[in-house]
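The primary structure of each chain is shown beneath.
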Amino acid sequence: MSFENKSLSGRKKLVSNKEMTLGERMYLGAIAGGMATTLKHLFKKKVTINYPEETRPFSPVYRGRHMLMRDDEGRERCTACGLCAVSCPAEAITMKAAERKPGEEHLYREEKYAEIYEINMLRCIYCGLCEEACPKQAIYLTKSKQIVHANTSRESFIFGKEQLVMPLEQAIRNSEKSE
Amino acid sequence: MEQAIIIEKGILILAVFAITMLFAMYATLAERKIAAWIQDRRGPNRAGPGGILQPLADGLKLFAKEEFMPNTPNTFLFVLGPFISMTMALMTSAVLPWGDSLVIGGKTIILQATDINVAMLYVFAVLSVSVYGVMIGGWASNNKYSLISAMRVASQMISYEVAMGLSIVALLMMHSSMSLREIAANQHEMNWNVFYQPLGFFIFLICSFAETNRTPFDLAECEQELIGGYHTEYSSMRMGFFLFAEYAAMFISSALISVLYFGAYNYPGMTWAAENWGANTANIIGIFVLFGKICFFIFLYMWVRWTIPRFRYDQLMNLGWKTLIPLAVLNIIVTAIVLLLTH
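Basis of the calculations
- Residues numbered from 1 in each chain as written.
- Chains lettered and ligands numbered in written order.
- Predicted model: local features only at pLDDT ≥ 70, side-chain atom pairs only at ≥ 80, totals over all residues.
- Contact = placed C-beta atoms within 7 Å.
- Nonpolar A, V, L, I, M, F, W, Y, C, P; charged D, E, K, R; others polar.
- Core = buried A, V, L, I, M, F, W, Y, C linked by C-beta atoms within 7 Å.
- Buried ≥ 20, exposed ≤ 12 C-beta atoms within 10 Å, placed from the backbone.
- Helix = DSSP H or I, 4+ residues; strand = E, 2+ residues; numbered from the N terminus.
- Expected span 1.5 Å × (residues − 1).
- Pairing = 2+ DSSP bridges.

Engineer: Where do I start with the interface of chain B and chain A in this structure?
Structural biologist: Often, the extent of an interface is quoted as the loss of accessible area on bringing the components together. In this complex, chain B contributes nine residues to the contact, which on the side of chain A involves ten residues. The class makeup of the residues in the side of chain B that touches chain A is five nonpolar, one polar and three charged.

Next up, the structure:
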């Protein structure tokens, strides 16, 4: 084989402008071939998923909405150290720390807690680096299939503690399960 | 006696009309389904189980649309266009034999609206007039795209009607009759014309595609260059009539192909069925056989539509005048020689 005709992929074809034979010019064979192709597709398995009835399975490493965890006694784990905000490549996380007052020991685990904790869902890329950075295992990306709903105001996509902290009932259920 | 005939024919005409309408209606759904399946999709499946109510939903939508009238001086012609299309698409069904005959209460009922001895000429006359619906509609739209489309339809129809007529001539020489009923009856059992006239059948099939404006000959309504063609300016049910006429014409031309070349209501083993199960049962099976053939040809129309791309205009004319007509003439000559030698 000469160098010009070498092909690494094995699919290289030289274009030729040769005259077509009478049989080729009638296109009957080509048409029959095309019809066979479309007929094959007629019986192929359809790729469409009937969406509301069926859903596509999620990947096993799927990362969904964030959640600020509580410990076994239902206290918030977060101490507002700010490591998640520092690690966030999209700069989606902001927080404001506050000091725990006497009598709030049942609410917050450590002396310091996040008074304000906000994630901008428009900026978040669900990379999970905040989860990796957290020393207190306070923030997790859940497997929740609930997607952030569409809205016309940008402000509504900034999720505060009321959307992020694990609901108390869930914490109670979890602690009951572990007992 | 007179009244009985009127009632009998009236019922028959109503039945044929209803069946044509039903087929045209469900051809729209079938087209969308087959298009989807060929493209590995599912097609409409929301209206009713498996999308069975989709044609009704489509019709309802068309009825609810605004009746738009373009700024044209020919409002009468504009309204007339779709009606001519529809009427002509339905008129051919009058001479088609839908079955042999049924004996009910000692009375023989021929399953055909009317059996005229110039049926073939009638079919071609109706086909020629049906061009006018599209032409008048396109011209009265006062839109350059519609006008171009109308001109294309006219020239395409005239070109392909010649080849179509010539391919039929060979058939008429074989049967020495123009009555569709006799042609159908001569194809008893498996004596189908397609085995004697394969080339004629092929030419007739290609011309049928051109006559019904189906891909690959749908130059009249190519979306890309003519934004829909002659029905660009139409809306609501007038538009619906144009589209519906296309599907009705497809059904009728499938029926015509089945009757002329694929043995109409004849099927292998029909004599045996008539002897053992009675003539009526055999003939009713024949009706279903005919509709099976028609369904196959409607499917073929759709199958081809989603396989073969549209012709360029000059290719269309070349194929019509330089290939099909000489082939049709050759077919006539060969048929004549064979007939002379065998008789």
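Engineer: Can you help me understand the nonpolar core in this one?
Structural biologist: Note on soluble globular proteins: their nonpolar side chains tend to be buried together. B:F204, B:C207, B:A248 and B:F251 are the most contacted members of the largest nonpolar core, which totals 80 residues. Once residues within four sequence positions are removed from consideration, B:A248 is found in contact with B:T20, B:A24, B:A89 and B:L90. Counting residues in hydrophobic clusters, the runner-up holds 17 residues, among them A:C78, A:A80, A:C84 and A:Y117.

Engineer: Looking at this model, I keep getting lost on helix α2 (residues 28-42) of chain A. Mind explaining?
Structural biologist: Along an α-helix, residues three or four apart share an orientation, since each turn contains 3.6 residues. Helix length check: α2(A), at 15 residues, gives a terminal C-alpha distance of 21 Å against a target of 21 Å (1.5 Å per residue), a fit within 8%. The buried count for α2(A) comes to zero of 15 residues, which makes it a mostly uncovered element.

Engineer: How should I be thinking about the sheet that holds strand β3 (residues 112-120) of chain A in this particular structure?
Structural biologist: Backbone hydrogen bonds are what pair the strands of a sheet, in a parallel or an antiparallel way. Pairing in this open sheet of three strands is antiparallel, and the strands run β2-β3-β5 (chain A) from one edge to the other. Two strands lie at the open edges of the sheet, namely β2 (93-99) and β5 (158-159) of chain A, each paired on one side alone.

Engineer: Is there a simple way to think about the pairing of strand β1 (residues 101-104) of chain B in this case?
Structural biologist: Looking along a regular strand, one sees the side chains alternate between the two faces of the sheet. Residue and element names in this part refer to chain B. Sheet analysis places β1 next to strand β2 (residues 107-110), joined by four bridges and oriented antiparallel. Looking across to β2, one finds that L102 is bridged to I109. Taking the residues between adjacent antiparallel strands as the criterion, β1 and β2 are bridged by two residues, where G105 takes a positive phi near 60 degrees.

Engineer: I'm lost on unusual backbone geometry in this one. Help?
Structural biologist: Leaving glycine aside, a negative phi is the common case for residues, and trans is the common case for peptide bonds. In this model, A:A80 sits at a positive phi of 55 degrees, which is unusual for a non-glycine residue. By secondary structure assignment, the location of A:A80 is in the loop between β1 (66-68) and α3 (83-87). For B:A264, which is not a glycine, the phi torsion comes out positive at approximately 45 degrees. Checked against the element boundaries, B:A264 lands in the loop between α10 (236-260) and α11 (270-277).

Engineer: When you look at the environment of B:N283 in this model, what are you seeing that I'm missing?
Structural biologist: All names here are of chain B. Locating N283 in the fold gives a position in helix α12 (residues 279-305). Given 19 C-beta atoms within a 10 Å radius, N283 is considered partly exposed. Apart from residues lying up to four places away in sequence, N283 is in contact with G99, D100, S101 and L102.

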